[in-house]
Each structure stands twice: as C-alpha cells, then as structure tokens.
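Chain and residue survey
Chain by chain, the residues run as shown.
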Amino acid sequence: MDGMAHKLADDTETPTRRITVYFDGPTPEDALILEYAATGTEAGEFTSAAAHAGLTVTVDGDVRPDLRRLPCRSLWR
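Here we summarise the structure given alongside this text. (Residues numbered from 1 in each chain as written. Predicted model: local features only at pLDDT ≥ 70, side-chain atom pairs only at ≥ 80, totals over all residues. Heavy atoms only, no water.)

Points about the overall build of the protein chain
This is how it is decided: Helix and strand labels come from DSSP, where a helix needs a run of H or I of at least four residues and a strand needs a run of E of at least two; each type is numbered from the N terminus. Three exposure classes are used, based on accessible area relative to the maximum for each residue type with a 1.4 Å probe and protein chains only: buried under 20%, partly exposed in between, and exposed over 50%. Residues are treated as being in contact if the distance between any of their heavy atoms lies within 4.5 Å. Residue exposure ignores everything except the shown protein chains as possible cover, and the areas themselves are Shrake-Rupley values with a 1.4 Å probe.
On a plain count of helices and strands, the protein chain comes out with two helices and three strands. A total of 77 residues make up the protein chain; the buried ones form 22% of that total. In the protein chain, 66% of the contacts between residues at least 6 apart in sequence involve partners at least 24 apart. Accessible surface, the protein chain as shown: approximately 5200 Å² in total, 57% of it carbon and sulfur.

Side note on the nonpolar core
Stated precisely, the cut-off is as follows: The nonpolar core is taken to be a set of buried Ala, Val, Leu, Ile, Met, Phe, Trp, Tyr and Cys residues, with the residues joined through side-chain atoms within 4.5 Å.
By size, the foremost hydrophobic cluster in this structure holds nine residues: Ile19, Val21, Tyr36, Ala38, Ala43, Phe46, Ala50, Val57 and Leu70. For this core, the elements supplying multiple residues, two or more each, are β1 (17-23), β2 (32-38) and α2 (40-52). With near-sequence residues (within four places) excluded, Val21 lies in contact with Leu32, Ile33, Leu34, Tyr36, Phe46, Leu55, Thr56 and Val57.

Description of the pairing of β1
Note on strand geometry: in a regular strand, side chains alternate between the two faces of the sheet. This is how the line gets drawn: By this definition, two strands are paired if DSSP reports at least two bridges between them.
One ladder, built from seven bridges, connects β1 with β2; its direction is antiparallel. Each residue of the ladder has a partner; that of Arg18, found in β2, is Ala37. Inspection of the sheet shows β1 paired to strand β3 (residues 56-60) by five bridges, in the antiparallel sense. Bridge pairing links Thr20 to Thr58 in β3.

In structure tokens:
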C-alpha cells in the first residue's frame, strides 16, 4: 500500500473512544473541557502524551456522532 492509500485507509477507521481533555482556568468558571472522537490507538498515544504534559484526560467509549475527530490525529498513530 503506498503512502496516500495508507493515509486514506487510516482516515476511514471508525472512532471507538471519546477523549475528554480538561484545562484549568484562573477560576472554576473559566475551565475548558474539550471532547474528541478517536480510535483506540489514537486515544492511547494522545493520552500518554497529554498526561506527560500535565493535562487531565479521560477516555471512554461514549462516542457520539457529533464529536469532532481528534485534531492532528496522524500524530497519535
């Protein structure tokens, strides 16, 4: 499989995990919570990197159709 075909195959993999990322703000009202859909591999790689950076992240199987895909997901494969 050439590089482009491999990339297209990866982009069609169905997300099975919801990643929730929590960012603290100066006050509790300023906290930011972002949710993304990801594959199991993407979720594992992203969670490891995020935890290393000091972020709080949860992963579960509550994937909804309205969730955005994890940005830059090719970094987390």
